[in-house]
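Reading the structure
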Amino acid sequence: YGVDINPMAAELCRVSLWLEALDPGKPLSFLDHHIRVGNSLLGTTPQLIAGGLPDDAFAAIEGDDRKACTQLKKRNKQERDGQQQDMLHLVASPSNSALDAIASETRKLDEVTDDTIEAIQGKAEQFGRLVVSAEYKHTQQVADAWCAAFVWRKAANVIEPITSDAVKQLEADQNPLSAAQTNEIQRLSRQYQFFHWHVAFPEVFSMDGFDVVLGNPPWERVKLEEKEWFAERSPEIAKAPNAAARKRMIDALKASEPTLHKQFLDDSRMAEGESH
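This report concerns the structure included in the present document. (Residues numbered from 1 in each chain as written. Predicted model: local features only at pLDDT ≥ 70, side-chain atom pairs only at ≥ 80, totals over all residues. Heavy atoms only, no water.)

1. Considerations on the overall build of the chain
Of regular secondary structure, the chain possesses 14 helices and 2 strands. If you line up the chain on its principal axes, its C-alpha atoms span 65 × 55 × 35 Å. A total of 276 residues make up the chain; the buried ones form 39% of that total. Considering only contacts within the chain whose residues lie at least 6 apart along the sequence, 74% involve residues at least 24 apart. Accessible surface for the chain amounts to roughly 16,100 Å². Of this, 53% is attributable to carbon and sulfur atoms. With 31 positive and 43 negative side-chain charges, the chain shows a separation of 9 Å between the mean positions of the two kinds. (Helix = DSSP H or I, 4+ residues; strand = E, 2+ residues; numbered from the N terminus. Buried < 20%, exposed > 50% of the residue type's maximum accessible area, 1.4 Å probe, protein only. Contact = heavy atoms within 4.5 Å. Areas by Shrake-Rupley, 256 points an atom, 1.4 Å probe, with all protein chains shown as cover. Lys, Arg positive; Asp, Glu negative; His and termini not counted. Charge placed at Lys NZ, Arg CZ, Asp CG, Glu CD.)

2. With respect to the side chain of N39
Secondary-structure assignment places N39 in the loop between strand 2 (35-37) and helix 2 (46-50). Residue N39 is classed as buried on the basis of its relative accessible area, which comes to 12%. Other than its neighbours up to four places away in sequence, N39 contacts I5, Y192, Q193, F195 and E274.

3. Re the environment of V199
Along the chain, V199 turns up in helix 9 (residues 197-200). As a C-alpha pair, V199 and V222 span 23 residues in sequence and 25 Å in three-dimensional space. Once residues within four sequence positions are removed from consideration, V199 is found in contact with I102, Y136, T139 and Q140.

4. Describing the pattern of salt bridges
For the coordinates displayed, the defined rule picks out 15 salt bridges. Across the salt bridge formed by E160 and R75, the nearest N and O atoms sit 2.7 Å from each other. Placement of the pair is E160 in the loop between helix 6 (134-151) and helix 7 (164-171) and R75 in helix 3 (residues 66-85), with a sequence separation of 85 residues. Exposure remark for E160: the relative accessible area of 40% places this residue in the partly exposed category. Of the charged contacts, one joins R187 and E184 as a salt bridge, the two residues approaching to 2.9 Å between their closest N and O atoms. Here R187 pairs with E184, and both are found in helix 8 (residues 179-192), just 3 residues apart, close to one helical turn. Given a relative accessible area of 37%, R187 falls into the partly exposed group. E184 gets classed as buried once you look at its relative accessible area, which sits at 11%. When salt bridges that share partners are traced, they join E11, R14 and D32 into one network. (Salt bridge = Lys/Arg side-chain N within 4 Å of Asp/Glu carboxyl O.)

Below you can see the structure in the form of structure tokens.
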């Protein structure tokens, strides 16, 4: 099994495995369900989802309104406390039945041999059906919604942010979300490339998880460096004599180059959101 945020890295991994395990006269094995693309550090688990959204999910990051964050944090705490007291709000942890169904389907993929091209094509079609199935999409949406709350824009006149009640109701399949909220969850999932291990590899986590995990996590802080960001986009800002002068030049972009200024703020928010 393997996960990488870079699609090319995942493809090279498959090629490397094919070269190492090539059996003359037989087709290349189907690996799409084992080698996946996503941010392996940004995701959630059934246990985290069951506990509701933590208050820290509503801390302000770049572009957020602190007053709105404070109100959302208070509301979320009341919802989470209410869920713990009101049995009507308690549901089974992110549909264990759905996860069991997904795990059963992924096990079937590995039970089919890779001896013929027809078998490989059959596995590809089976995997394609799985990732668009109602169980898979719903389980993915619940996990994505939980993660999206951390990086949702929190201010006046924005799409209603996700809080604990919305996640619980979505988990219970009550469909509490508006079309705008659903679209925003999908957009944030694509932007941050959320990756939920229990959704991608349910057959592994139904047996207590992996025995060994090898990783190469970021060795630096996840932070946008202004000098590096502006090096090619605006060298004069990158070469500013000090941070104060650079900040004044960046602020001046609001009038002189609003598109570049917005791109800088968007990238700053994403970097801060990943760290958050």
